[in-house]
Amino acid sequence: MGCVTDFFTYETTKSVVVKSWTIGVINRAVQLLIITYFVCWVFLHEKAYQIRDSSIESSVMTKVKGVGRYSNRVMDVADYVMPPQGSSVFVILTKLITTPKQEQAHCPETDDKYRCNNDSSCTRNKPTSNGFLTGRCVRSYCQIQGWCPTENDTVRTPLLLEAENFTIFVKNSVRFPIFDFERGNLPASLNCRYDPDKAPFCPIFRLGDIVRLAGQNFINLAEKGGVLSIKIGWLCDLDQSWDLCIPRYSFTRLDSVSEKNNVSPGYNFRFARYYMGSDGSEFRTLIKAFGIRIDVLVYGNAGKFNIIPTLINIVAAFTSVGVGTVLCDIILLNFLKGADQYKAKKFEEVRKFTAQ
């Protein structure tokens with residue numbers, strides 16, 4: 001019955017005025033901190049009075065320019081950029097290991113782990129990185145069936161050093177669908193080169209500058225390959241002039257984990273060019289390519305004043321001011337002298353109303 005009686009009770013607030021400098025200072029200090037937090041951080045910094053659109057729609061087109069010399073050949077954009085469509089992800093080749101005139105045949109493997117003394121050391125039909133073992137031992141190596149001669153990717157080859165001065169033009173347009181707001185990154189004139197201080201909004205970037213601003217060394221990156229990003233940030237306050245919605249560029253290396261790992265460091269891939277001989281036979285040139293991959297990443301959001309989030313945050317601010325009262329009650333009831341007297345004034349139990 002006691003539990004039932006306690007359940008069917010009603011509590012009402014009771015105001016008790018406590019004239020104490022200590023409690024008064026704590027109460028006003030807490031209230032001031034809460035109000036300062038909401039005004040400075042929530043409203044001014046975070047702009048909580050705005051509705052925000054982070055579902056950015058973006059398109060990116062790229063174009064690389066520059067020529068260089070590699071192994072007594074002049075290479076232009078068609079030679080060193082892959083893929084050639086001008087997408088947001090592309091590779092600038094800086095080093096090539098070429099294995100020419102490969103054809104389908106039988107030949108010995110070149111990997112040291114396939115050394116052999118007799119045929120019994122070579123398991124027939126076992127796959128390798130270059131083909132399938134035939135079960136024969138030829139010239140102290142297991143023989144394979146595949147593209148022959150096999151690749152030797154340990155040879156040293158030159159670097160396309162002129163790539164450091166190649167330029168990358170990035171054309172970007174974005175749209176925030178909630179506000180039906182569209183914007184592009186092209187300035188009034190393209191007679192510029194990106195510089196973080198002198199030309200921070202120019203969309204033409206020198207590859208060497210991208211590498212440097214990402215904190216990397218060009219020679220090391222060209223030797224082993226790597227992945228860099230051009231980040232385009234659109235953080236727009238549409239309560240201000242729409243002309244102030246401008247992109248911010250930043251650069252970083254995305255495969256920094258690969259850089260520190262001795263297992264398959266850097267970035268490389270293989271591709272082949274196929275040919276047909278006059279006798280109808282097929283052969284190919286295998287190319288192991290090392291390069292600097294560029295990923296253009298676009299992010300951002302836009303905000304504009306809206307009455308609904310403004311009212312919600314104003315109500316939250318007024319509600320949070322009551323935290324000062326809770327803190328003062330805890331101090332009065334537990335830590336200050338006269339706590340029992342305060343309890344007696346604050347809490348009063350009425351069991352039954354008496355009719356007058």
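Bear in mind that the values here come from a model prediction, so they are computed numbers and not experimental data.

Cut-offs and rules
Residues numbered from 1 in each chain as written. Predicted model: local features only at pLDDT ≥ 70, side-chain atom pairs only at ≥ 80, totals over all residues. Heavy atoms only, no water. Helix = DSSP H or I, 4+ residues; strand = E, 2+ residues; numbered from the N terminus. Buried < 20%, exposed > 50% of the residue type's maximum accessible area, 1.4 Å probe, protein only. Contact = heavy atoms within 4.5 Å. Areas by Shrake-Rupley, 256 points an atom, 1.4 Å probe, with all protein chains shown as cover. Phe/Tyr/Trp six-rings, centres within 6.5 Å; stacked < 30°, edge-to-face > 60°. Disulfide = S-S within 2.5 Å. Axes fitted to C-alpha atoms, helices over the stretch in contact; angles between N-to-C directions. Parallel < 35°, antiparallel > 145°, perpendicular 65-115°, else oblique. Left-handed = near helix turned anticlockwise from the far one by under 90°. Nonpolar A, V, L, I, M, F, W, Y, C, P; charged D, E, K, R; others polar. Patch = residues over 30% accessible without salt bridge, like charges linked within 9 Å, V, L, I, M, F, W, Y side chains within 5 Å. Salt bridge = Lys/Arg side-chain N within 4 Å of Asp/Glu carboxyl O. Core = buried A, V, L, I, M, F, W, Y, C linked by side-chain atoms within 4.5 Å. Expected span 1.5 Å × (residues − 1). Arc of directions from axis to C-beta. Polar contact = N/O pair within 3.5 Å; in protein donor to acceptor, adjacent residues only side chain to side chain. pLDDT = per-residue confidence, 0-100.

## Points about the overall build of the protein chain
- From N to C terminus, the protein chain includes 9 helices and 15 strands.
- The buried share of the protein chain, taken over its 356 residues, is 37%.
- Expressed as a percentage of contacts within the protein chain between residues at least 6 apart in sequence, the contacts between residues at least 24 apart total 69%.
- Of the accessible surface of the protein chain, which amounts to about 22800 Å², a share of 55% is contributed by carbon and sulfur atoms.

## Some words on the packing of aromatic side chains
- A full pass over the atoms with the stated rule returns 14 aromatic pairs.
- Plain terms: the ring middles of Tyr-80 and Phe-166 are 4.4 Å apart, the flat faces sit at 15° to each other, and that makes the pair stacked. Placement of the pair is Tyr-80 in helix α3 (residues 77-80) and Phe-166 in the loop between β8 (141-148) and β9 (167-176), with a sequence separation of 86 residues.
- Classification of Tyr-80 by relative accessible area gives buried; the value is 0%.

## Quick notes on the environment of Gln-31
- Within the secondary structure layout, Gln-31 lies in helix α2 (residues 21-45).
- It is 5.4 Å that separates the C-alpha atoms of Gln-31 and Val-321, two residues lying 290 residues apart in sequence.

## Thoughts on the state of the cysteines
- Counted according to the given criterion, the structure contains 5 disulfides.
- The disulfide partner of Cys-107 is Cys-148, and the S-S distance across this bridge is 2.1 Å. Residues Cys-107 and Cys-148 are joined by a disulfide whose S-S torsion is about -80°; by sign, that bridge is left-handed. Taken together, the residues span a long stretch of sequence, with Cys-107 in strand β6 (residues 89-108) and Cys-148 in strand β8 at a distance of 41 residues.
- Taking relative accessible area as the criterion, Cys-107 reaches 9% and is therefore assigned buried.
- In this structure Cys-148 comes out as buried when scored by relative accessible area, which is 6%.
- If the cysteines joined by disulfides in the protein chain are listed in sequence order, their pairing comes out as 1-6, 2-4, 3-5, 7-8, 9-10.

## Here we look at the packing of α2 against helix α7 (residues 307-321)
- The contact between α2 and α7 brings their axes to 9 Å, and the two run at 160°. Taken together, the axis directions place α2 and α7 in an arrangement best described as roughly antiparallel. Every pair of crossing elements has a handedness; the one defined by α2 and α7 is right-handed. Contacts from Gln-31, Ile-34, Ile-35, Phe-38, Val-42 and Phe-43 in α2 reach Thr-310, Asn-313, Ile-314, Ala-316, Ala-317, Ser-320 and Val-321 in α7.
- Taken together, the residues of the contact of α2 with α7 sort by class into 9 nonpolar, 4 polar and no charged.

## Quick look at a nonpolar patch on the surface
- Together, Phe-305, Ile-307, Ile-308, Leu-311, Ile-312, Ile-314 and Phe-318 give the surface a local cluster of nonpolar side chains, amounting to about 730 Å² of exposed area.
- In terms of residues, the nonpolar patch owes the most to one element, α7, which gives 6 residues.
- Tracing the backbone through its elements, the reader meets Ile-307 in helix α7.

## A short note on the nonpolar core
- Core analysis: the biggest nonpolar cluster contains 49 residues, and Tyr-80, Ile-92, Ile-168, Leu-207 and Ile-294 have the highest contact counts within it.
- Examining the composition of this core, we find that 6 residues originate from one element, strand β15 (residues 282-305), more than from any other.
- Every residue in contact with Ile-92, bar those within four places of it in the chain, is listed here: Val-64, Tyr-80, Ala-163, Phe-166, Ile-168, Leu-207, Gly-291 and Ile-292.
- Residues Cys-107, Tyr-114, Cys-122 and Cys-148 belong to the second largest nonpolar core, which totals 9 residues.

## A closer look at α7
- The first and last C-alpha atoms of α7 sit 22 Å apart over 15 residues, in line with the 21 Å expected at 1.5 Å per residue.
- Those residues of α7 lying buried are Pro-309, Thr-310, Asn-313, Ala-317 and Val-321. Angular distribution of buried residues about the axis of α7 spans 110°; they occupy a single face of the element. Turned more than 90 degrees off the buried face of α7, the exposed positions are Ile-308, Ile-312, Val-315, Phe-318 and Thr-319.
- In this fold, the buried residues of α7 make contact with α2, β1 (50-53), β15 and α8 (323-334).
- At the N-terminal end of α7, a side-chain oxygen is found 3.0 Å from the backbone nitrogen of Ile-308, two or three residues along, and the residue is Asn-306.

## Here's the deal with the confidence of the model for the protein chain
- Per-residue confidence for the protein chain gives a mean pLDDT of 88; residues scoring 70 or more make up 90%.
- The least confident element of the protein chain, judged by mean pLDDT, is helix α9 (residues 339-346) at 66; the most confident is strand β11 (residues 204-206) at 97.

## Comments concerning the pattern of salt bridges
- The full count for this structure, using the stated rule, is 14 salt bridges.
- For Arg-206, the salt bridge goes to Glu-164, with nearest N and O atoms at 4.0 Å. With Arg-206 in strand β11 and Glu-164 in the loop between β8 and β9, this pair connects stretches of sequence that are 42 residues apart.
- Owing to a relative accessible area of 19%, Arg-206 belongs among the buried residues under this scheme.
- The class of Glu-164 is partly exposed, set by a relative accessible area of 29%.
- Across the pair Arg-253 and Asp-255 runs a salt bridge, and its minimum N-O distance is 2.7 Å. Like Asp-255, Arg-253 is buried.
- Overlapping salt bridges bring together Glu-57, Arg-175, Asp-180 and Glu-182 as one network.

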